[in-house]
Amino acid sequence: MGPLYWLGCLAWLLLQVMCAKVEVHHGHGVIKNTYAVHGTTSHRWAWWTEHTMLQPLDHYDNSTQATFEQRYFVFMDQYRAGAQKRRKLNGRDVVPVFVYDGGEDSISSFPHVLPYTIFPAIWNATGGIGIALEHRYYGQSKPRLSELGHNDHWGTDQLQWLTLRQSLADSARFLRQVQLEGVPRDAELRFIYYGSSYAGARAAFMRTLYPDLVFGAISSSGVVHAIDAFPQYSDAIVQGTPPTCIAAIDTAIRALDALLTTDDGRLHALLYVANVSRKGSVRDVANAFASVLGLFQGQSWIVPKAMNPWHAFCARLTDPAQAEQLRRAFPDQIRTLADVPMELLMYAYALRSMDRSTGFTNIDGDMQCFREDHGTLTSSKAWTYQTCTEFGFFQVASSSGPRLMSLLLSHDYFTKPCREGFVQGVHAIPSAPNTTAVNAFGGLDLSMDRLAFLDFEYDPWLPVTVHGGAERRDTLQRPYKWVANCWHACDMMAYPQSLDSEPHRIQALHHDMLAFISAWLTST
């Protein structure tokens, strides 16, 4: 899943944000001073502060005395300027505090993408405080290997505390103990927890598990229902992509499957066109071809269609001009592949121009490197551990409908890291993920006052959100939003200074969000 989120727009968006950061915050991006918070060093910036809070690695069984520093950012500008937007209750200030859960990735980029998100609009409308909270074992919020019995690998014994239950306890302890500079000691802090995807599920779980701590929660594309194999992932891609593109992909992948059963010069020629390595197995080749499907999930309304990577990929598959360019660029390979459908050749040519620098696609070929991490824990490895132990979500090829992925991409292939990718210790990875531990929090039936669910028509994860369950009413106290013609976590991107400039469906959603947040904060 990964972090997971904004895949399709970040290549374009980050460039824009970096420029905006220099222009808008010129003179405010340097460290002014350092000071201690919770016994650790923090850096104070002109518009946000970075802190850490000491957390126990085990909240429950005292199985280790190890600790880690959980990183978080605090944004106070709208709080300082928004006293007139807050209310008092029984003589005490009521202060909304919006906690963004970083989920399965580092929060380092959060301040930089912030100007293109809905968060500044929410903080400004409420006079609230913003916090970005990093998840244990991700980013800089990791325990020290030296305290975990080994110095050169992250194996099962070192990762055994990377569980949903432990990470939720981190957030609960954080909410109980966080100190916010400049906020009156007797103020009533109303925490509204917000996350998307995995973090969206966590937001929902935090509201239901800790209702006295979490005043409200917003679950965007929240994957609340864990499932082992997840072939339904491709359903939204079929539904949300032009039929001509789906037909071309189907023809290409069926031809790829036929070619992968041979070991002749044609496969070598195809991989040369695609610029795909043959160092791994034929399953790795199939996975490299499937990696482009992630572009669909990452689409964003904020990215112009002409710059949309998924749109560009589909255009290359069906563009006669691209076919002619392919023939001129690779004449020898085209002769070798004379009996291969043009759709597969176009697919390979399109794949050649795609950025495949991220992701673990050579599962067979690179397993030893993945296992022997030399003491470096990546977000990809940490999330793989979580899928192996609790969440599943293995996006196997579907046996019905258009073929978007090779049939070689089986459950056995995607679970190989679970069996071979971690140095095994006393604590073993289960033979199947313990999805029951996740679904015990309520799954598709999750519902509670001041818990909002935001889901989207073309989100591949829709079947494992609450919109994959029974239909329910949408109310101010229990918002249940479904937005047409949108993708994963579509609410996150925004024009925070000018919501009325957004596309109508996004504008309506963002105004609805401000309305139900206001109703929550004034109802009690």
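Definitions and cut-offs
- Residues numbered from 1 in each chain as written.
- Predicted model: local features only at pLDDT ≥ 70, side-chain atom pairs only at ≥ 80, totals over all residues.
- Heavy atoms only, no water.
- Helix = DSSP H or I, 4+ residues; strand = E, 2+ residues; numbered from the N terminus.
- Buried < 20%, exposed > 50% of the residue type's maximum accessible area, 1.4 Å probe, protein only.
- Lys, Arg positive; Asp, Glu negative; His and termini not counted.
- Charge placed at Lys NZ, Arg CZ, Asp CG, Glu CD.
- Disulfide = S-S within 2.5 Å.
- Core = buried A, V, L, I, M, F, W, Y, C linked by side-chain atoms within 4.5 Å.
- Axes fitted to C-alpha atoms, helices over the stretch in contact; angles between N-to-C directions.
- Left-handed = near helix turned anticlockwise from the far one by under 90°.
- Contact = heavy atoms within 4.5 Å.
- Nonpolar A, V, L, I, M, F, W, Y, C, P; charged D, E, K, R; others polar.
- Polar contact = N/O pair within 3.5 Å; in protein donor to acceptor, adjacent residues only side chain to side chain.
- pLDDT = per-residue confidence, 0-100.
- Expected span 1.5 Å × (residues − 1).
- Phe/Tyr/Trp six-rings, centres within 6.5 Å; stacked < 30°, edge-to-face > 60°.
- Lys NZ or Arg CZ within 6 Å of the ring centre and 35° of its normal.
- Pairing = 2+ DSSP bridges.
- Salt bridge = Lys/Arg side-chain N within 4 Å of Asp/Glu carboxyl O.

**Q** Describe the overall build of the protein chain, naming the residues involved and giving the relevant values.
**A** A tally of regular secondary structure across the protein chain gives 22 helices and 13 strands. By principal-axis analysis of the C-alpha atoms, the protein chain measures approximately 80 × 55 × 50 Å. Burial analysis of the protein chain (524 residues in total) assigns 55% to the buried set. Taking the average place of the 43 positive charges on the side chains of the protein chain and the average place of its 50 negative ones, the gap between the two points comes to 4 Å.

**Q** Which residues make up the state of the cysteines, and what values do they have?
**A** Within this structure, the stated rule accounts for three disulfides. A sulfur-sulfur distance of 2.1 Å marks the disulfide that ties Cys245 to Cys314. An S-S torsion of about -75° defines the bridge between Cys245 and Cys314 as left-handed. Taken together, the positions of Cys245 in helix α9 (residues 243-260) and Cys314 in helix α13 (residues 309-318) put the pair 69 residues apart, joining distant regions of the chain. For Cys245, a relative accessible area of 1% puts it in the buried group. Judged by its relative accessible area of 8%, Cys314 falls in the buried class. Paired by a disulfide, Cys388 and Cys418 hold their sulfur atoms 2.0 Å apart. One quick way to see it: the torsion about the S-S bond of Cys388 and Cys418 is about -80°, and its sign makes the bridge left-handed.

**Q** A description of the nonpolar core should follow, citing residues and the corresponding values.
**A** Counting 168 residues, the largest nonpolar core has Ile129 and Phe289 as the members making the most contacts within it. Per-element accounting of this core gives the leading share, ten residues, to α9.

**Q** Summarise helix α4 (residues 119-126); cite the residues concerned and give the values.
**A** The buried fraction of α4 is high, at six of eight residues. Looking one or two residues past α4, Gly127 carries a phi angle of roughly 65°, positive in sign.

**Q** Any chance you could break down the packing of α4 against helix α22 (residues 504-523) for me, citing the residues and the numbers?
**A** Helix packing geometry: the angle between the two helix axes and the distance between the axes. Orientation of α4 relative to α22, taken along the N-to-C sense of each, is 40°, at an axis distance of 11 Å. Seen along the crossing, α4 lies across α22 with a hand that is right-handed. Here Ala121, Ile122, Ala125 and Thr126 of α4 come into contact with α22, specifically with Met513, Leu514, Ile517 and Leu521. Of the residues assigned to the contact of α4 with α22, the class counts are seven nonpolar, one polar and no charged.

**Q** Can you lay out the side chain of Asp257 for me, pointing to particular residues and giving the numbers?
**A** One can find Asp257 in helix α9. There is a polar contact of 3.0 Å between the side chain of Asp257 and the side chain of Arg403. Contact partners of Asp257, with chain neighbours within four places excluded, come to Arg403, Ser406, Leu407 and Leu408.

**Q** Break down the confidence of the model for the protein chain for me, with residues and values.
**A** Residues at a pLDDT of 70 or more form 90% of the protein chain, whose mean pLDDT is 89. This model gives residues 1-46 a pLDDT under 50, and the stretch forms 95 contacts once residues within four places in sequence are excluded.

**Q** Lay out helix α7 (residues 198-209) in plain terms, naming residues and giving numbers.
**A** For α7, built from twelve residues, the straight-helix expectation of 16 Å at 1.5 Å per residue is met to within 8% by its first-to-last C-alpha distance of 16 Å. Buried within α7 are the following residues: Tyr198, Ala199, Gly200, Ala201, Arg202, Ala203, Ala204, Phe205, Met206 and Arg207.

**Q** For the packing of aromatic side chains, give the residues involved together with the corresponding values.
**A** Tallied over the full model, the rule gives 34 aromatic pairs. When the ring of Tyr233 is compared with that of Trp461, the centres are 5.5 Å apart and the planes differ by 75°; the resulting orientation is edge-to-face. Here Trp461 lies in the loop between β12 (451-456) and β13 (480-483) and Tyr233 lies in the loop between β10 (227-229) and α8 (235-239), a separation of 228 residues in the sequence. Taking relative accessible area as the criterion, Tyr233 reaches 7% and is therefore assigned buried. Taken together through their ring pairs, the aromatic side chains of Trp47, Trp48, Phe73, Phe75, Tyr100, Phe110, Phe119, Trp123 and Tyr194 make up a single cluster. A cation over an aromatic ring shows up here: Arg165 above the ring of Tyr60, its NZ or CZ 3.6 Å from the ring centre. The ring of Tyr272 has Arg352 lying over it, and the distance from NZ or CZ to the ring centre is 6.0 Å.

**Q** Help me get a handle on the pairing of strand β7 (residues 129-133), residues and values and all.
**A** Extensive coverage of β7 is indicated by the burial of five of its five residues. Residue alternation in β7 divides its side chains into two sets, Ile129, Ile131 and Leu133 and Gly130 and Ala132, and both sets are buried. As paired elements, strand β4 (residues 67-75) and β7 share four bridges and run antiparallel to each other. Each residue of the ladder has a partner; that of Tyr72, found in β7, is Leu133.

**Q** Report on the pattern of salt bridges, specifying residues and quantitative values.
**A** For the structure shown, the criterion picks out 23 salt bridges. Close ionic contact of Asp257 with Arg403 constitutes a salt bridge, the shortest N to O distance being 3.0 Å. With Asp257 in helix α9 and Arg403 in the loop between β11 (392-394) and α19 (411-414), this pair connects stretches of sequence that are 146 residues apart. Take Asp257 and Arg403: they sit in the same class, and that class is buried.

**Q** Would you mind going over the environment of Gly365 in detail, with residue names and values included?
**A** Positionally, Gly365 belongs in the loop between α16 (342-352) and α17 (367-371). Gly365 gets classed as partly exposed once you look at its relative accessible area, which sits at 37%. Each residue touching Gly365, except ones within four places of it in the same chain, is listed here: Gly280 and Asp284.

**Q** Mind laying out unusual backbone geometry, listing which residues take part and the relevant values?
**A** The residue His374 is not glycine, and still its phi comes out positive at about 55°. By secondary structure assignment, the location of His374 is in the loop between α17 and α18 (379-391). The residue Ala489 is not glycine, and still its phi comes out positive at about 50°. Counting through the fold element by element, Ala489 comes out in the loop between β13 and α22.

**Q** An account of the environment of Leu148 is requested, with residue identities and associated values reported.
**A** Inspection of the secondary structure assignment puts Leu148 in the loop between β7 and α5 (156-159). Not counting the four nearest positions on each side in its chain, Leu148 is found in contact with Leu57, Ala66, Pro143, Trp154, Gln158 and Trp161.

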